[in-house]
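Chain and residue survey
Below are the chains, spelled out letter by letter.
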Protein chains: 2
Amino acid sequence: MATTFQAPPGTRDFYPDQMALRRYVEDTWRRVSLRHGFLEVDGPTFEFLDLYKVKSGDEIVSQLFHFESREDKSGNTEAFALRPEFTPTLARMVAAKAHALPRPIKWFSLPRCYRAERQQKGRLKEFFQWNVDMLGGDTPEARAQFDAEVAILCLDCLREFGLSPDEVKLRWNDRHNVETWFDLADIPEAKWPAAYSLLDRIRKISPDDRKRIYTEQGFEGGAQRLFEQIADNSNPLAPEFWKYDQLDDAKKQKFQTVVVKAMTFHTYLRFAGLERYGQAEPDPSIVRGLAYYTGFVWEISDTRGEHRAIAGGGRYDKLIEMFGGPTLPATGFGMGDVVLANLLQERGLLPKDLGRGTAPDVFIVNALPRPEPALKLIGELRAAKLVVATSYKTTKNIGKLLQDAAASSARHALILAPAEWYKPGGPLVKLKNLATREERELPLPEAMTALKARA
Amino acid sequence: MATTFQAPPGTRDFYPDQMALRRYVEDTWRRVSLRHGFLEVDGPTFEFLDLYKVKSGDEIVSQLFHFESREDKSGNTEAFALRPEFTPTLARMVAAKAHALPRPIKWFSLPRCYRAERQQKGRLKEFFQWNVDMLGGDTPEARAQFDAEVAILCLDCLREFGLSPDEVKLRWNDRHNVETWFDLADIPEAKWPAAYSLLDRIRKISPDDRKRIYTEQGFEGGAQRLFEQIADNSNPLAPEFWKYDQLDDAKKQKFQTVVVKAMTFHTYLRFAGLERYGQAEPDPSIVRGLAYYTGFVWEISDTRGEHRAIAGGGRYDKLIEMFGGPTLPATGFGMGDVVLANLLQERGLLPKDLGRGTAPDVFIVNALPRPEPALKLIGELRAAKLVVATSYKTTKNIGKLLQDAAASSARHALILAPAEWYKPGGPLVKLKNLATREERELPLPEAMTALKARA
């Protein structure tokens with residue numbers, strides 16, 4: 001029975017301090033999303049198991065928590081799974097109402113998600129994710145703008161958390177750029193999947209192993225030069241790398257297109273005042289899910305490289321069709337709460353007063369022999385929507401009670417003491433401003449009026 | 001595949017309108033909880049299956065969605081269940097840190113909960129619940145005050161939603177009162193479980209069936225009179241019912257205790273200005289979970305009787321011990337989102353502007369031939385934390401764009417038109433207050449300064 005009384009491994013108990021941190025992250029995600037004109041949505045925590053196979057195939061099942069419904073009258077059950085991500089739900093919801101929704105669709109969500117995996121640093125079985133999606137865009141220009149718009153929202157939010165461009169960096173790439181490079185490097189289309197897979201891990205492979213792979217997979221001169229350039233963290237956007245002057249006109253044209261695309265994204269970041277957060281040039285090693293993303297892809301990570309990626313996103317123009325909807329271009333990203341919170345904590349960027357609850361407008365110090373007068377005042381002040389705190393201690397020692405008031409971070413203390421309360425001419429009270437320590441003695445109705453006016 | 005693309009039955013998709021309603025309910029629950037000095041907590045969405053058997057026995061399993069973890073290295077799995085309620089998690093969390101937590105513990109939570117049942121009106125497979133718990137209280141007086149404090153929070157919140165005492169009513173009872181009545185009516189203790197079970201449904205049983213049950217279960221003279229009184233909606237607190245003058249001294253004493261208890265609760269409601277929401281006298285037909293509650297119990301329902309109970313709670317002093325913790329008196333309640341939202345919708349009490357997102361501080365009307373200047377202004381204003389909207393339409397027709405601005409409920413429109421923008425002496429813009437329709441032409445920097453000052 002002992003383990004019964006613990007949280008399942010890989011999940012979290014949110015005591016007031018942890019809960020306040022979670023709300024701080026969620027509230028910031030929400031506030032910045034709304035500032036950029038996105039509307040909040042959500043779906044069920046669990047979906048039909050089959051929904052997750054649409055995007056990710058049958059192999060996803062082993063990574064899901066799944067369960068059966070109770071038997072219906074005919075003895076049938078249905079298979080459900082806890083959501084590992086929000087995208088299939090979003091796609092289903094958009095597909096169902098695609099024609100009724102105003103375009104562009106600008107949605108965000110803050111779903112709780114689940115992974116049936118062993119937990120590691122920055123990865124839990126249960127976590128929260130900020131999802132942002134922007135759907136629509138009839139022209140390539142509009143789509144480029146939307147790609148930038150969601151990345152800008154993401155960076156603006158990291159800035160709001162206090163993270164500087166020295167601490168986090170957005171690296172991006174474009175599937176079409178990469179294919180242009182493959183083309184310029186004379187890699188035949190049949191070898192592109194192998195080339196992508198190699199790019200995805202190229203900076204983690206030793207030079208000797210790279211040579212072996214080139215031989216095994218038949219990557220020759222131009223291809224090898226391209227891969228070595230990328231492995232070396234050098235960018236293949238340099239004209240001299242391609243011997244630009246020697247290219248034929250068709251290839252010159254392709255190269256120019258890539259350069260213009262690269263400039264476009266960074267220009268948008270510059271307009272938003274966020275250019276220092278993003279690399280100016282594409283990073284060819286950013287590949288991400290091949291089956292899912294269709295063009296622009298990006299990732300944000302900490303510049304010290306100590307954490308998993310903070311956020312990742314890109315363009316997935318085929319998603320809505322895949323879920324039974326119309327053709328609808330789409331771009332977006334996801335950001336988990338675990339890596340972000342670890343990073344903020346490490347960098348000392350969390351507000352210091354988390355977990356205290358809302359600071360009270362007033363703390364009632366009751367030194368009267370009976371509780372009734374204080375309870376009435378508390379009821380009246382709460383009805384006026386003030387945040388009211390009091391002590392549950394039985395002491396009538398005003399000094400001790402004022403210590404509790406100060407500890408609660410209340411703005412004012414309202415002190416009910418027998419000497420003033422029972423004076424002829426109606427009750428008098430003391431109203432103390434706990435910041436300035438200024439204290440006034442005044443008739444109760446005046447004190448109540450002052451408090452209700454939040455003076 | 002068709003059903004795959006639908007939400008599982010008994011769950012909900014939250015498009016922006018539904019999501020805004022959900023946030024409105026959650027935000028109100030949270031705001032009022034904080035106002036009353038409660039701190040927010042949460043736990044995992046799923047727990048070890050066994051945790052739910054502690055409070056509810058093995059029969060709970062058929063009402064849960066449960067699943068197995070992946071096999072560990074030794075091929076073992078563990079059984080988990082989606083939470084049907086928050087209380088077992090709360091009890092586990094309190095028990096684990098009972099000695100470190102400041103008393104009284106005043107916690108609330110807004111968990112998403114799950115029931116493996118067929119959905120009915122007001123009951124879904126997946127729903128949200130507002131949970132409030134107050135633990136501690138060394139004296140009977142403190143415990144009576146805490147019982148009242150959580151009920152007062154609940155009623156204050158319903159008042160905040162706009163529900164009047166004519167629309168919702170709190171009915172309450174006390175297990176000790178009922179046992180005093182059983183005693184006064186000479187029902188032997190061995191028959192109390194049967195008597196409770198009868199009370200719980202007495203107003204739904206026909207007079208003939210009641211007579212049959214009395215005979216079958218051996219309830220005689222005094223017991224029959226008590227049950228008939230309660231079935232008739234009459235309160236057994238009337239001294240004449242008990243022929244008070246003819247009672248012996250011990251029974252007179254017991255009767256007085258019940259009357260004092262009844263007065264106490266209503267007095268607390270009166271102090272809080274909420275007396276019209278609560279019945280002054282106990283309602284003997286309020287029984288609630290016998291195995292769980294240990295004294296005071298209550299329910300809030302709509303006065304027309306058209307819905308399931310809106311909220312229910314009471315005192316459960318044995319809970320924390322049951323979960324391996326110390327003896328710790330506890331009282332609290334739960335309120336679901338489904339019945340509440342149905343009721344608010346029916347009564348026309350929902351705010352009219354839900355689902356629009358945050359009203360923008362400013363809507364940029366861009367009639368310039370290029371997007372860049374507008375994008376720069378948007379970036380600058382969002383960096384100053386203003387909520388900024390714009391149109392994605394390609395039209396440069398200022399009238400049409402101003403219609404979009406008005407539809408967005410923005411406070412101001414900032415109009416960029418070629419005629420003013422390209423004037424010698426720097427760009428001029430128009431700033432229009434969309435409420436007063438007042439419009440000013442002014443240099444761009446002045447307009448930006450005015451907007452950032454939220455003038």
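We now turn to the structure provided with this report. Note that this is a predicted model, so its numbers are computed, not measured.

1. Quick word on the overall build of chain A
Of regular secondary structure, chain A possesses 15 helices and 16 strands. Here the C-alpha atoms of chain A give a radius of gyration of 30 Å, more than 25% beyond the 23 Å that 2.2 N^0.38 yields for 455 residues. Projected onto the principal axes, the alpha-carbon positions of chain A cover approximately 100 × 65 × 50 Å. In chain A, buried positions account for 56% of the 455 residues. Summarising the internal contacts of chain A: among those between residues at least 6 apart in sequence, 68% fall at separations of at least 24.

2. Describing the packing of helix H4 (residues 140-160) of chain B against helix H9 (residues 249-271) of chain B
Residue and element names in this part refer to chain B. In contact at an axis separation of 9 Å, H4 and H9 are set at 45° when each is read in the N-to-C sense. Between H4 and H9, the interaxial angle falls into the category oblique. Here H4 runs over H9; the crossing is right-handed. Judged by residue contacts, Glu141, Ala144, Gln145, Asp147, Ala148, Ala151, Ile152 and Leu155 of H4 engage Thr264, Phe265, Tyr268 and Leu269 from H9. Its residues assigned to classes, the contact of H4 with H9 comprises eight nonpolar, two polar and two charged.

3. Quick notes on the relation of the copies chain A and chain B
Copy one and copy two of the chain differ by a rotation about a common axis and a shift along it. Each copy of the sequence occupies a distinct position, and chain A is placed on chain B by a rotation of 180° and an axial shift of 0.0 Å, giving an RMSD of 0.1 Å. Taken together, the rotation angle and the small translation identify this as a two-fold axis. Scanning chain A for the C-alpha nearest the rotation axis identifies Phe67 of chain A, at a separation of 2.7 Å. When the interface residues of chain A are mapped onto chain B, 100% of them again fall at the interface, so both copies present the same face.

4. Things to note about the sheet that holds strand E4 (residues 79-82) of chain B
Residue and element names in this part refer to chain B. Spatially, the three strands line up as an open sheet ordered E2-E4-E3, and their pairing is antiparallel. With partners counted over all chains shown, the strands left at the sheet margins are strand E2 (46-48) and strand E3 (66-68), one partner each. Averaged over neighbouring strand pairs, the angle between their axes works out to 35° when direction is ignored. When E3 meets E4, the two strands line up antiparallel, connected through three bridges. Bridge pairing in E4 places His66 opposite Ala81.

5. Quick word on the side chain of His307 of chain A
All names here are of chain A. Checked against the element boundaries, His307 lands in the loop between strand E9 (296-302) and strand E10 (311-315). Residue classification places His307 among the buried positions, given a relative accessible area of 12%. Here the side chain of His307 touches Glu346 through a polar contact of 3.1 Å, side chain to side chain. When neighbours within four sequence positions are excluded, His307 is seen to be in contact with Lys121, Asp302, Val339, Asn342, Leu343 and Glu346.

6. Here's the deal with the packing of helix H5 (residues 175-184) of chain B against helix H6 (residues 192-201) of chain B
All names here are of chain B. Viewed as axis vectors pointing N to C, H5 and H6 meet at an angle of 115°, and their least axial separation amounts to 11 Å. Between H5 and H6, the angle falls in the class roughly perpendicular. The handedness of the crossing between H5 and H6 comes out as right-handed. Every residue of H6 that contacts H5 at Arg175, Val178, Glu179 and Phe182 is listed here: Trp192, Ala195, Tyr196 and Leu199. Of the residues in the contact of H5 with H6, the class split is six nonpolar, no polar and two charged.

Cut-offs applied
- Residues numbered from 1 in each chain as written.
- Chains lettered and ligands numbered in written order.
- Predicted model: local features only at pLDDT ≥ 70, side-chain atom pairs only at ≥ 80, totals over all residues.
- Heavy atoms only, no water.
- Helix = DSSP H or I, 4+ residues; strand = E, 2+ residues; numbered from the N terminus.
- Rg over C-alpha atoms; globule rule 2.2 N^0.38 Å.
- Buried < 20%, exposed > 50% of the residue type's maximum accessible area, 1.4 Å probe, protein only.
- Contact = heavy atoms within 4.5 Å.
- Axes fitted to C-alpha atoms, helices over the stretch in contact; angles between N-to-C directions.
- Parallel < 35°, antiparallel > 145°, perpendicular 65-115°, else oblique.
- Left-handed = near helix turned anticlockwise from the far one by under 90°.
- Nonpolar A, V, L, I, M, F, W, Y, C, P; charged D, E, K, R; others polar.
- Least-squares fit on C-alpha atoms with pLDDT ≥ 70 in both.
- Pairing = 2+ DSSP bridges.
- Polar contact = N/O pair within 3.5 Å; in protein donor to acceptor, adjacent residues only side chain to side chain.

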